[in-house]
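Each chain, letter by letter, is given below.
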Amino acid sequence: MRLYTAIALVALAASVARAQSWGGRPWNDLTPQEQERAWQNYRRYRQLPQEQQKGLERRYERFRAMPPEEQQRLRDTYQRYRGLPREERREFTEKYRRWRERPRGN
Amino acid sequence: MRCGSAQKLIVAAVDGEITPERRRDLDEHVAACTDCLAELRATESLLGALESLPQEAEVPSLVEAATLRRMRVAAAEEQERKERRWGWFPAPVLAAAGVAVLALTINLRPEGRQGTPQPAMTPEATGVRQVARAPEPPAPPPAPRQEVAVATADDALPPADPPPDLAAAPELFMNLPIIRNMEKLEHFEAITMVELPPNG
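Everything numeric in this text was worked out from a predicted model, so none of it was measured.

### As for helix H4 (residues 68-83) of chain A
Residues and elements named next belong to chain A.
Inference 1: With 16 residues, H4 ought to run about 22 Å at 1.5 Å a step, and its terminal C-alpha atoms sit 23 Å apart, in line with that.
Inference 2: When we look at burial in H4, the residues that qualify are Gln71, Leu74, Thr77, Tyr78 and Tyr81. The buried residues of H4 occupy an angular sector of 120° when projected down its axis, which confines them to one face. Opposite the buried face of H4, at more than 90 degrees from it, the exposed residues are Pro68, Glu69 and Gly83.

### Overview of helix H3 (residues 50-65) of chain A
All names here are of chain A.
Inference 1: For H3, with 16 residues, the first-to-last C-alpha span of 23 Å sits near the 22 Å given by 1.5 Å per residue.
Inference 2: Those residues of H3 not exposed but buried are Gln52, Gln53, Gly55, Leu56, Arg59, Tyr60 and Phe63. Down the axis, H3 shows its buried residues gathered within 155° of arc, on one side only. Turned more than 90 degrees from where H3 packs its buried face, Gln50, Arg58 and Ala65 sit exposed.

### Side note on the interface of chain B and chain A
Inference 1: Counting from both sides, the interface comprises 66 residues of chain B and, opposite them, 55 residues of chain A.
Inference 2: Taking both sides of the interface into account, the surface hidden between chain B and chain A amounts to around 6200 Å²; carbon and sulfur atoms contribute 62%.
Inference 3: Where chain B meets chain A, there are 5 salt bridges.
Inference 4: Two residues, A:Arg46 and B:Asp165, come together in a salt bridge whose shortest N-O distance is 3.2 Å.
Inference 5: In this structure, the connection of chain B to chain A is made through 17 residue pairs in polar contact (both at pLDDT 80 or more).
Inference 6: For the side of chain B that touches chain A, the element with the most residues is helix H3 (residues 34-52) of chain B, which contributes 8 residues.

### With respect to the packing of aromatic side chains
Inference 1: In total, this model carries 7 aromatic pairs over all chains according to the counting rule given.
Inference 2: Its guanidinium or amino end placed over the ring of A:Tyr81, A:Arg89 lies 5.6 Å from that ring's centre, counting from NZ or CZ.

### Focus on the packing of H3(A) against helix H1 (residues 3-14) of chain B
Describing two packed helices takes the angle between their axes plus the distance from one axis to the other.
Inference 1: Relative to each other, H3(A) and H1(B) sit at 50°, their axes nearing to 8 Å. When the axes of H3(A) and H1(B) are compared, the pair comes out oblique. The interaxial crossing formed by H3(A) with H1(B) has right-handed handedness. Residue-level contacts link A:Glu51, A:Gln52 and A:Arg59 of H3(A) to B:Gln7, B:Lys8, B:Ile10, B:Val11 and B:Ala12 of H1(B).
Inference 2: For the contact of H3(A) with H1(B), a count of residues per class yields 3 nonpolar, 2 polar and 3 charged.

### Regarding the nonpolar core
Inference 1: Counting residues in hydrophobic clusters, the biggest one holds 32 residues, and the most contacted among them are A:Phe63, A:Leu74, A:Tyr81, B:Leu166, B:Leu172 and B:Phe173.
Inference 2: At the level of elements, helix H2 (32-47), H3, H4 and helix H5 (86-101) of chain A together with helix H9 (170-174), helix H10 (176-180), helix H11 (182-186) and helix H12 (188-193) of chain B are the ones that each hand at least two residues to this core.
Inference 3: In this structure, B:Ala6, B:Val30, B:Cys33 and B:Cys36 belong to the second largest nonpolar core, which totals 8 residues.

### A short note on the pattern of salt bridges
Inference 1: Applying the stated rule across the entire model yields 11 salt bridges over all chains.
Inference 2: The salt bridge involving A:Arg97 is made with A:Glu94; its shortest N-O contact spans 2.5 Å. Here A:Arg97 and its partner A:Glu94 are both found in helix H5, 3 residues apart, which amounts to about one turn of the helix.
Inference 3: A relative accessible area of 25% places A:Arg97 in the partly exposed class.
Inference 4: Here A:Glu101 ties to A:Arg97 by a salt bridge, and the two come within 2.7 Å at their closest N and O atoms. Taken together, the positions of A:Glu101 and A:Arg97, both in helix H5 and 4 residues apart, correspond to about one turn of that helix.
Inference 5: If you follow the salt bridges from partner to partner, you end up with A:Arg25, A:Glu34 and B:Glu171 in one network.

### What to know about the confidence of the model for chain A
Inference 1: Across chain A, the average pLDDT comes to 81, with 75% of residues at 70 or higher.
Inference 2: Confidence over residues 15-22 of chain A falls short of pLDDT 50; this stretch has 4 contacts with residues more than four positions distant or in other chains.

Reading the values: rules and limits
- Residues numbered from 1 in each chain as written.
- Chains lettered and ligands numbered in written order.
- Predicted model: local features only at pLDDT ≥ 70, side-chain atom pairs only at ≥ 80, totals over all residues.
- Heavy atoms only, no water.
- Helix = DSSP H or I, 4+ residues; strand = E, 2+ residues; numbered from the N terminus.
- Expected span 1.5 Å × (residues − 1).
- Buried < 20%, exposed > 50% of the residue type's maximum accessible area, 1.4 Å probe, protein only.
- Arc of directions from axis to C-beta.
- Contact = heavy atoms within 4.5 Å.
- Buried area = accessible area lost by both parts, 1.4 Å probe.
- Salt bridge = Lys/Arg side-chain N within 4 Å of Asp/Glu carboxyl O.
- Polar contact = N/O pair within 3.5 Å; in protein donor to acceptor, adjacent residues only side chain to side chain.
- Phe/Tyr/Trp six-rings, centres within 6.5 Å; stacked < 30°, edge-to-face > 60°.
- Lys NZ or Arg CZ within 6 Å of the ring centre and 35° of its normal.
- Axes fitted to C-alpha atoms, helices over the stretch in contact; angles between N-to-C directions.
- Parallel < 35°, antiparallel > 145°, perpendicular 65-115°, else oblique.
- Left-handed = near helix turned anticlockwise from the far one by under 90°.
- Nonpolar A, V, L, I, M, F, W, Y, C, P; charged D, E, K, R; others polar.
- Core = buried A, V, L, I, M, F, W, Y, C linked by side-chain atoms within 4.5 Å.
- pLDDT = per-residue confidence, 0-100.

Here it is in structure tokens:
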């Protein structure tokens, strides 16, 4: 009997872990503010062409595969990036473009 | 370049993530294709709007304030409309109509008289009541105010039952601006610090 209970608990824990790794926290676990933010972003996302939606989904897959501390680092960095004045943000994007084009391997 | 390839490049192009050659190809294409140009402009504006969204809980209070403000304005407009509608009636006429309606309502209303047939339930009496009711100012909550509230909620507030794709991966949408700028953010420090040769 105990063995069956233990197996059931392990299976339950595994399914919860799998669900969390698939989509993160479930909708009902988000705060109203988080739901609001997700909803607004979702509405914009739905206006993008399907190909572009897929591109964002692919990036999300990569984001999800990152360790939590790396995800948090990106969130913090995003706050810094967003805090930049519009002109500096534009300059940064331009610098980023050149950085991507720079010759590699030296 | 064909439209299909251009469409695939647009988000990356807006984020500055394609090579100059590809960008040139895309620019040449959109210069000749109004659909793709419109797509590019729309994406720029959409993704710009995405980025301008606050990450923290500023939106709900703003939305709440805006909603309340709109509702107050709508209520005031409705009140004004009501006053305008009845304002031209001389006050004594309105008062007399009010008294007549009140008297008829008290005498003829069927509530509290269930089970016993009353004159108020006869077709004649009902007809009198309908005629007498005509000048009564509309009492129920005004429709326009309701519409404003619903439209605002539809626009800004998440539905009670989120769409399946939103419910399946809410964190994708919560973190969408980060995901969109992911590569930029991953190398933020390096890009900030690096000295790059000048353009050209």
